[in-house]
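The chain contents come next:
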Amino acid sequence: MPAFSAAELRTAVHDNLRNLGLDVLEVVNLRLMFDVHGPAEGSLEAPLTALAELQQQGLVRHIGLSNATRQQIVEGRRIARIVCVQNQYNLAQRGDDALIDELAAAGIAYVPFFPLGGFSPLQSDVLTRVAGELGATPMQVAQAWLLQRAPNILLIPGTSSLAHLQENLAAAHLVLPAQALAALETIGAAA
Ligand SMILES: NC(=O)c1ccc[n+]([C@@H]2O[C@H](COP(=O)([O-])OP(=O)(O)OC[C@H]3O[C@@H](n4cnc5c(N)ncnc54)[C@H](OP(=O)(O)O)[C@@H]3O)[C@@H](O)[C@H]2O)c1
């Protein structure tokens with residue numbers, strides 16, 4: 001279970017500091033789990049206030065939210081300065097499209113989790129075709145698309161493979177032309 005009570009959050013932050021050998025954690029996301037399947041409404045006042053206290057004590061530099069609804073982000077911003085939001089989003093899962101643009105306007109970073117589809121990696125004929133035309137891999141195109149989608153998107157794709165890591169780093173330099181973007185747009189629309 002993710003930490004949610006004030007005591008659990010304090011323990012988790014101190015555990016992280018000790019395990020990482022740090023005096024301060026650069027950013028801590030409060031992970032909201034009112035529903036295991038995705039963002040769901042519920043007040044974050046108590047846990048976020050606890051996290052903000054840890055920030056005031058100098059143990060946490062920045063605070064983010066994960067699995068958050070728009071309403072929770074609004075509530076959270078009244079309690080603490082929110083620097084990032086980490087929600088599920090990728091070429092096929094476009095539920096946060098409007099939210100991403102709102103966060104960009106507010107200067108808040110958006111960190112998509114499962115950027116490559118997570119446990120069921122993205123698979124699409126369109127993606128494969130576009131990648132082939134560009135001489136890239138489908139996963140590189142999926143990442144380039146995210147980076148091109150909005151200026152506030154930060155990517156942390158997970159990999160256990162050095163070859164994939166190198167491929168993923170190279171994706172940062174891949175520029176998708178308008179025609180490719182239009183084709184990729186159909187993936188989210190069909191999902
Ligand atoms: N806040 C939350 O609630 C939450 C929930 C889930 C995840 N996360 C975070 O989100 C981040 C990403 O999650 P994730 O790693 O589970 O999902 P992901 O990045 O969408 O997918 C990772 C999968 O893609 C494969 N992959 C990576 N690069 C590839 C490449 N170039 N070609 C082919 N396959 C490739 C990986 O396999 P290989 O190992 O074989 O490369 C792995 O199976 C992590 O930092 C995670 O901690 C947060």
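Residues numbered from 1 in each chain as written. Predicted model: local features only at pLDDT ≥ 70, side-chain atom pairs only at ≥ 80, totals over all residues.

## Quick look at the site of the ligand
Thinking step 1. Within the structure, the ligand sits among 22 residues, and F113, L116, G158, T159 and S160 are positioned closest to it.
Thinking step 2. It is helix α7 (residues 162-170) that contributes the most residues to the shell around the ligand, three residues altogether.
Thinking step 3. Taken together, the residues of the shell around the ligand sort by class into eight nonpolar, 12 polar and two charged.
Thinking step 4. When residues of the shell around the ligand are assigned to domains, at least three fall in each of domain 1 (1-86) and domain 2 (117-191). (Near = placed C-beta within 6 Å. Helix = DSSP H or I, 4+ residues; strand = E, 2+ residues; numbered from the N terminus. Nonpolar A, V, L, I, M, F, W, Y, C, P; charged D, E, K, R; others polar. Domains from an automatic or database assignment.)

## Details of the pairing of strand β1 (residues 25-31)
Thinking step 1. By the bridge criterion, six bridges tie β1 to strand β2 (residues 60-66) in an arrangement that is parallel. Each bridged residue has a counterpart across the sheet, and for V27 the counterpart in β2 is H62.
Thinking step 2. Following the backbone out of β1, through helix α2 (residues 45-56) and into the adjacent parallel β2, one traces a crossover that is right-handed. (Pairing = 2+ DSSP bridges. Right-handed = clockwise from strand over helix to strand, strands pointing away.)

## A look at the nonpolar core
Thinking step 1. With 40 residues, the main nonpolar core has L51, L127, V141 and A142 as its most contacted residues.
Thinking step 2. Among the elements that make up this core, the one with the highest residue count is helix α6 (residues 138-149) (six residues).
Thinking step 3. In terms of domain composition, this core takes at least three residues from each of domain 1 (1-86) and domain 2 (117-191).
Thinking step 4. Setting aside its immediate chain neighbours within four residues, L127 contacts L91, L122, P138, V141, A142, L184 and I187. (Core = buried A, V, L, I, M, F, W, Y, C linked by C-beta atoms within 7 Å. Buried ≥ 20, exposed ≤ 12 C-beta atoms within 10 Å, placed from the backbone. Contact = placed C-beta atoms within 7 Å.)

## What about the environment of A183?
Thinking step 1. Its location among the elements puts A183 in helix α8 (residues 178-190).
Thinking step 2. Among the residues examined, A183 registers 16 C-beta atoms within 10 Å and is labelled partly exposed.
Thinking step 3. When the C-alpha positions of A183 and V130 are compared, they lie 7.7 Å apart, and in sequence the two are 53 residues distant.
Thinking step 4. Among residues more than four places away in sequence, those in contact with A183 are V126 and V130.

## Details of the packing of helix α5 (residues 125-134) against α6
Thinking step 1. Running from amino to carboxyl end, α5 crosses α6 at an angle of 95°, the nearest separation of the two axes being 8 Å. The angle between α5 and α6 places the two elements in the roughly perpendicular class. Here α5 contributes L127, T128, V130, A131 and L134 to the contact with α6, which in turn contributes P138, Q140, V141 and A142.
Thinking step 2. Class assignment of the residues belonging to the contact of α5 with α6 gives a composition of seven nonpolar, two polar and no charged. (Axes fitted to C-alpha atoms, helices over the stretch in contact; angles between N-to-C directions. Parallel < 35°, antiparallel > 145°, perpendicular 65-115°, else oblique.)

## Let's talk about the pairing of β2
Thinking step 1. Two elements, β2 and strand β3 (residues 82-86), share four bridges in a ladder whose sense is parallel. For L65, the partnering residue across the bridge sits in β3 and is V85.
Thinking step 2. Traced from β2 through helix α3 (residues 70-79) to β3, the parallel crossover comes out right-handed.

## Some details on helix α1 (residues 6-20)
Thinking step 1. Taking 1.5 Å per residue, 15 residues should reach 21 Å; α1 reaches 21 Å between its end C-alpha atoms and fits that length.
Thinking step 2. Of the residues one or two after α1, G21 is the one with positive phi, at around 65°. (Expected span 1.5 Å × (residues − 1).)

## Remarks on the domain arrangement of the protein
Thinking step 1. When cut into domains, the protein gives domain 1 (1-86) and domain 2 (117-191).
Thinking step 2. Placing the centre of domain 1 and that of domain 2 at their C-alpha centroids yields a distance of 29 Å.

## What about the environment of V60?
Thinking step 1. As for its position among the elements, V60 is in strand β2.
Thinking step 2. We classify V60 as buried; it has 22 C-beta atoms within 10 Å.
Thinking step 3. As a C-alpha pair, V60 and M33 span 27 residues in sequence and 21 Å in three-dimensional space.

## Details of the sheet that holds β2
Thinking step 1. Strand order in this open sheet of four strands is β1-β2-β3-β4, and the pairing throughout is parallel. The sheet is open, and its two edges are formed by β1 and β4 (109-110), each paired on a single side.
Thinking step 2. Bridging between β3 and β4 involves two bridges; their strand directions are parallel. Its bridge partner lying in β4, V85 is registered against Y110.
Thinking step 3. Along the sheet face, α2 touches β1 and β2 and points at about 160° away from the line of β2.
Thinking step 4. Across the sheet, α3 touches β2 and β3, and the angle it forms with β3 is around 155°.

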